[in-house]
Amino acid sequence: MARINLDTIKKLDKDRNTIHTPVTATYTVFDTTDGEHYVQIDTYGKNDRAIPEKISQSIQFDKDSAKFLVDLLNKEFDL
């Protein structure tokens, strides 16, 4: 599981990029006991995996990281 550290995230220009195969994803919304609101996105990998329904990656967004992502997407896609 991962939470984005907004203090260290930076743009990285790569020489090679590939388009990934679409996979199944779900999201969960929850609040912590101290009132913080989170959205978690889980991906499940390809169907030919040994355990296809096992979560491959999870990423959590709090309000600040969600705002960062929305601003980034708006900028990069000219939304």
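Residues numbered from 1 in each chain as written. Predicted model: local features only at pLDDT ≥ 70, side-chain atom pairs only at ≥ 80, totals over all residues. Heavy atoms only, no water.

1. Considering the overall build of the protein chain
For step 1, the next point in the chain: On a plain count of helices and strands, the protein chain comes out with 1 helix and 4 strands.
For step 2, the next point in the chain: Counting from the amino terminus, helix and strand elements in the protein chain follow one another as β-β-β-β-α.
For step 3, the next point in the chain: Scaling as 2.2 N^0.38, a compact globule of 79 residues should have a C-alpha radius of gyration of about 12 Å, whereas the protein chain reaches 15 Å, well beyond that.
For step 4, the next point in the chain: Projecting the C-alpha coordinates of the protein chain onto the three principal axes gives extents of approximately 40 × 35 × 25 Å.
For step 5, the next point in the chain: Put simply, the protein chain has 79 residues, and 14% of those count as buried.
For step 6, the next point in the chain: Sequence separation of at least 24 residues holds for 28% of the intrachain contacts in the protein chain that already meet a minimum separation of 6.
For step 7, the next point in the chain: Within the structure as shown, the protein chain displays about 7,100 Å² of accessible surface, and the carbon and sulfur contribution to it stands at 54%.
For step 8, the next point in the chain: With 11 positive and 14 negative side-chain charges, the protein chain shows a spacing of 7 Å between the two charge centroids. (Helix = DSSP H or I, 4+ residues; strand = E, 2+ residues; numbered from the N terminus. Rg over C-alpha atoms; globule rule 2.2 N^0.38 Å. Buried < 20%, exposed > 50% of the residue type's maximum accessible area, 1.4 Å probe, protein only. Contact = heavy atoms within 4.5 Å. Areas by Shrake-Rupley, 256 points an atom, 1.4 Å probe, with all protein chains shown as cover. Lys, Arg positive; Asp, Glu negative; His and termini not counted. Charge placed at Lys NZ, Arg CZ, Asp CG, Glu CD.)

2. Describing the packing of aromatic side chains
For step 1, the next point in the chain: The final tally for this structure, using the stated rule, is 1 aromatic pair.
For step 2, the next point in the chain: When the ring of Phe30 is compared with that of Tyr38, the centres are 5.5 Å apart and the planes differ by 10°; the resulting orientation is stacked.
For step 3, the next point in the chain: Overall, Phe30 belongs to the partly exposed group, its relative accessible area being 27%. (Phe/Tyr/Trp six-rings, centres within 6.5 Å; stacked < 30°, edge-to-face > 60°.)

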